[in-house]
Amino acid sequence: MLWLVQGAGGVNEFEMLSAHSAATPATLPTLWQLELWKVSVWLAFVGVLCTALLFIPVSRGSAILKVAGLSLEESIRYHIWLGHTAMAVFIIHGLFYVIIWASNNNLHEMLVWTRVVTSNVVGELSWLCGLGLWVTTLPYITRKMFELFFYTHQLYVLFVFFYVLHVGASHFYMFLPGLYLLMVDRFLRFLQSRQPVRLLCTRGLMGTTWS
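Residue numbers here run from 1 along each chain, matching the order of that chain's written sequence. Since the coordinates come from a predicted model, pLDDT governs what is reported: local features require at least 70, and pairs of side-chain atoms require 80 or more to be given and counted, while whole-chain, interface and lining totals use all residues. The side-chain quantities take in all heavy atoms of the structure and omit both hydrogens and water.

(A) Summary view of helix 11 (residues 176-193). In this model, helix 11 (18 residues) spans 25 Å end to end at C-alpha, consistent with the 26 Å of a helix rising 1.5 Å per residue. Partly exposed residues are those whose accessible area sits between 20% and 50% of the maximum for their type, while under 20% is buried and over 50% is exposed, using a 1.4 Å probe and protein chains only. Helix and strand assignments come from DSSP, with helices taken as H or I runs of at least 4 residues and strands as E runs of at least 2, each series counted from the N terminus. For helix 11, the full list of buried residues reads Gly 178, Leu 179, Leu 182 and Asp 185. The arc that holds every buried residue of helix 11, seen down its axis, measures 130°, which confines them to one face. One fewer than the residue count of a helix, multiplied by 1.5 Å, yields its expected span. What the arc describes is the spread of directions from the helix axis to the C-beta atoms.

Quick look at the structure:
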């Protein structure tokens with residue numbers, strides 16, 4: 001992440017933006033479209049930074065959380081707000097591009113799938129997966145329909161997959177530390193769940209509940 005920020009500050013602004021966008025200054029005839037385009041791409045960078053940090057707080061066994069003195073309950077708050085920020089930024093990012101395309105009668109750009117520059121279709125698929133995941137984090141759903149919230153959260157796999165296709169492998173490296181911690185944590189918890197336990201005592205409670 002530090003490499004990306006340092007690199008972004010050390011190159012020409014037009015070169016950097018053009019390298020990550022299907023649009024270029026030559027295709028934007030007016031000043032407001034050019035400025036909106038630049039803001040949109042910079043918002044994408046902000047969203048990527050938030051998403052790169054998103055997986056770290058939910059790695060329960062991570063040494064990073066222990067060094068920071070954070071419990072799982074405390075770290076989840078950071079995960080929630082990073083997720084809210086990332087999705088809000090990505091929504092604005094996509095909306096700005098649609099405004100630019102609509103103003104130029106180029107809405108067909110939404111269906112562009114190319115290997116040379118940014119592929120817009122998979123970006124929209126990633127956006128839809130993230131939106132579906134985000135909607136199910138509403139407090140009412142998490143309280144009343146927790147299973148819906150839990151299983152919809154697994155859309156993060158498709159979100160990351162389509163994101164990689166959208167921007168290319170170069171930006172995927174930003175996700176690797178957080179994803180690595182998450183995968184190691186999930187694997188260790190899986191191994192722990194496979195360990196046999198010895199039943200010491202049981203107690204019947206009201207109804208069919210046993211403790």
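Next comes the rest of the description.
(B) Representation of helix 9 (residues 156-167) in the model. The end-to-end C-alpha distance of helix 9, which contains 12 residues, comes to 16 Å, matching closely the 16 Å that a straight helix rising 1.5 Å per residue would cover. After helix 9 finishes, the residue Gly 168 shows a positive phi value of roughly 100°.

(C) View of the nonpolar core. In this description, a nonpolar core means a group of buried Ala, Val, Leu, Ile, Met, Phe, Trp, Tyr and Cys residues linked to one another through side-chain atoms lying within 4.5 Å. Within the largest apolar cluster, 22 residues are counted, with the highest numbers of intra-cluster contacts made by Phe 55, Phe 159, Val 160 and Phe 175. Mapped onto this core, the elements with two or more residues apiece are helix 3 (31-54), helix 5 (72-103), helix 6 (120-135), helix 9 and helix 11. Among the elements that line this core, the one with the most residues is helix 9, at five residues. Working rule for contacts: check all heavy atoms of both residues, and any pair within 4.5 Å makes them a contact. Each residue touching Val 160, except ones within four places of it in the same chain, is listed here: Phe 55, Phe 172, Phe 175 and Leu 179. Counting 11 residues, the second largest nonpolar core, distinct from the first, contains Leu 43, Phe 45, Ile 100 and Trp 101.

(D) A look at the packing of helix 6 against helix 9. As a packed pair, helix 6 and helix 9 sit with axes 8 Å apart at the nearest point and diverge in direction by 160°. In this view, helix 6 runs roughly antiparallel relative to helix 9, as classed from their interaxial angle. The chirality of how helix 6 crosses helix 9 is left-handed. Contacts between helix 6 and helix 9 involve Asn 120, Val 122, Gly 123, Leu 125, Ser 126, Cys 129, Gly 130 and Leu 133 from the first element and Tyr 156, Leu 158, Phe 159, Phe 162, Tyr 163, Leu 165 and His 166 from the second. Working convention: axes come from line fits to C-alpha atoms, limited for helices to the stretch in contact. Angles between N-to-C directions cover 0 to 180 degrees. Geometric relationships in this document are graded by angle, where less than 35 degrees denotes roughly parallel, more than 145 denotes roughly antiparallel, 65 to 115 denotes roughly perpendicular, and other angles denote oblique. Note on convention: the crossing is left-handed when the near helix lies turned anticlockwise from the far helix by less than a right angle, right-handed when the turn is clockwise.

(E) Main features of the side chain of His 79. Within the secondary structure, His 79 is located in helix 5. A relative accessible area of 17% means that His 79 is categorised as buried. Of the polar contacts made by the side chain of His 79, one reaches the backbone oxygen of Leu 54; its length is 2.8 Å. Dropping the residues within four chain positions of it, His 79 is found in contact with Leu 54, Pro 57, Val 58 and His 153. Contacts described as polar in this section are N or O atom pairs within 3.5 Å, which, within protein, must combine one atom able to donate a hydrogen with one able to accept it, while residues neighboring in sequence count only if both atoms come from side chains.

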